[in-house]
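Listed below, chain by chain, are the residues.
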Amino acid sequence: MIQTLAVIQMASQADVAGNLTSARRLLEQAAAEGARLAVLPENFAAMGCSDLPRLGRAEAAGDGPILPWLKQTARDLRLWIVAGTLPLPPDDRPQGKPNACSLLIDDQGQRVARYDKLHLFDADVADNRRRYRESDDYAAGQRLVLADTPVGRLGMSVCYDLRFPELYSALRAAGAELISAPSAFTTVTGEAHWTTLIRARAIETQCYVLAAAQGGEHPGGRVTHGHSSIVDPWGRLLREQAAGEVALVAERDAAEQVALRQRMPVQHHRRFSVPCLGTDSLE
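This section reports on the structure supplied with the text. It should be emphasised that the depicted structure is a prediction, and the values quoted were computed from it without experimental measurement.

Here we look at the overall build of the protein
Here's step 1: When its secondary structure is counted, the protein shows seven helices and 15 strands.
Here's step 2: Relative to a compact globule of 283 residues, whose C-alpha radius of gyration would be 19 Å, the protein shows 17 Å and is just as compact.
Here's step 3: By principal-axis analysis of the C-alpha atoms, the protein measures approximately 50 × 40 × 40 Å.
Here's step 4: Within the span of the protein, comprising 283 residues, buried residues form 54% of the whole.
Here's step 5: Long-range contacts, defined as pairs at least 24 residues apart, comprise 70% of the intrachain contacts of the protein with a sequence gap of at least 6.
Here's step 6: As displayed, the protein has an accessible area near 11800 Å², and 48% of this comes from carbon and sulfur atoms.

A word on the nonpolar core
Here's step 1: One finds Leu 37, Leu 104, Met 156, Leu 162, Leu 171 and Leu 210 to be the most contacted residues of the largest nonpolar core, which totals 45 residues.
Here's step 2: For Leu 104, the residues in contact, after removing those within four places along its chain, are Leu 37, Trp 80, Ile 81, Val 82, Gln 110, Arg 111, Val 112, Ala 113, Ala 147, Thr 149, Leu 154 and Met 156.
Here's step 3: By size, the runner-up hydrophobic cluster in this structure holds 32 residues, among which are Ala 6, Leu 26, Ala 35 and Leu 86.

Quick look at the pairing of strand E12 (residues 228-231)
Here's step 1: Because side chains alternate across E12, one face comprises the buried residues Ser 228 and Ile 230, and the other comprises Ser 229 and Val 231, equally buried.
Here's step 2: Relative to strand E13 (residues 237-241), E12 runs antiparallel, the two sharing four bridges. Residue Ile 230 lies in a different strand from E13, and its bridge partner there is Arg 239.

Some words on the layout of surface pockets
Here's step 1: Its volume calculated, the largest pocket comes out at about 540 Å³.
Here's step 2: Along its surface, the largest pocket is lined by 30 residues, and Asn 43, Arg 129, Glu 134, Asp 137 and Arg 222 are the ones closest to its centre.
Here's step 3: Within the residue set of the lining of the largest pocket, elements represented by two or more residues are helix H2 (52-60) and strand E7 (131-133).
Here's step 4: Among the elements that line the lining of the largest pocket, the one with the most residues is E7, at three residues.
Here's step 5: Its residues assigned to classes, the lining of the largest pocket comprises 13 nonpolar, six polar and 11 charged.
Here's step 6: One number sums up the size of the second largest pocket: a volume of about 270 Å³.
Here's step 7: Pro 90, Asn 99, Arg 114, Asp 116 and Gln 142 are, among the 16 residues lining the second largest pocket, the residues nearest its centre.

Rules used throughout
- Residues numbered from 1 in each chain as written.
- Predicted model: local features only at pLDDT ≥ 70, side-chain atom pairs only at ≥ 80, totals over all residues.
- Heavy atoms only, no water.
- Helix = DSSP H or I, 4+ residues; strand = E, 2+ residues; numbered from the N terminus.
- Rg over C-alpha atoms; globule rule 2.2 N^0.38 Å.
- Buried < 20%, exposed > 50% of the residue type's maximum accessible area, 1.4 Å probe, protein only.
- Contact = heavy atoms within 4.5 Å.
- Areas by Shrake-Rupley, 256 points an atom, 1.4 Å probe, with all protein chains shown as cover.
- Core = buried A, V, L, I, M, F, W, Y, C linked by side-chain atoms within 4.5 Å.
- Pairing = 2+ DSSP bridges.
- 1 Å grid on protein atoms, 1.4 Å probe; cavity = no way out; pocket = protein on both sides within 12 Å on 5 of 7 lines; lining within 4 Å.
- Points joined across faces, edges and corners; volume = space filled by probe spheres on them.
- Nonpolar A, V, L, I, M, F, W, Y, C, P; charged D, E, K, R; others polar.

Written out as structure tokens, the structure is:
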């Protein structure tokens, strides 16, 4: 069985309405090429927003522009959408520090899954900003998330998660066939590690990796690496673009993926159990 999927690359700014207009145009291109599921990049709607808690509270209260846009776009295009990340407070603590939240929206505009980024990027980097402290703005997530989609069983991750292979091993053990990785890598870390990381995560899990990236210049002098890619379970880059806005579309060959896993059954050869947080698995 052949299924079509897409990743979206953007160079998002602080203008939420402008970002949503750009994202809509790119999602329309993906849908026109037959994609059933598309992944938006990290911070697709609010890159450089100065008041993330306020934005998150507004969205959670139904007063923000992003969630209604997502639902309407998914319905209009008959497209499943992984909504990169947006700031949302925990469902049980609407006044709390927001999570960097990746939502899965189905083609009827319904929220199917919510993944809160587990690993927050607190690091020093030799670029214009030099210092990144996501924990100043966000709370860390607590659970793995998987969901069934028309193009396969999806495990969800975000950006800095890519440096923690045990997360991906746990997603594979829970049945993942493809993994979303919306990202906003810096140019320094991206040039050094991005392609190596996304190919390694695909090879070791024998999953398709949907690596949707930010690629360009952003508020505050930030520059992101880009190189959005769709990687197959053998580690091949099926599609890639270095910079600028683009919708990349590729096909998942489910039968070939099953055959690869049978020829090289690494999951059955595992000698150590995978340490794992609680898992939200939606069917």
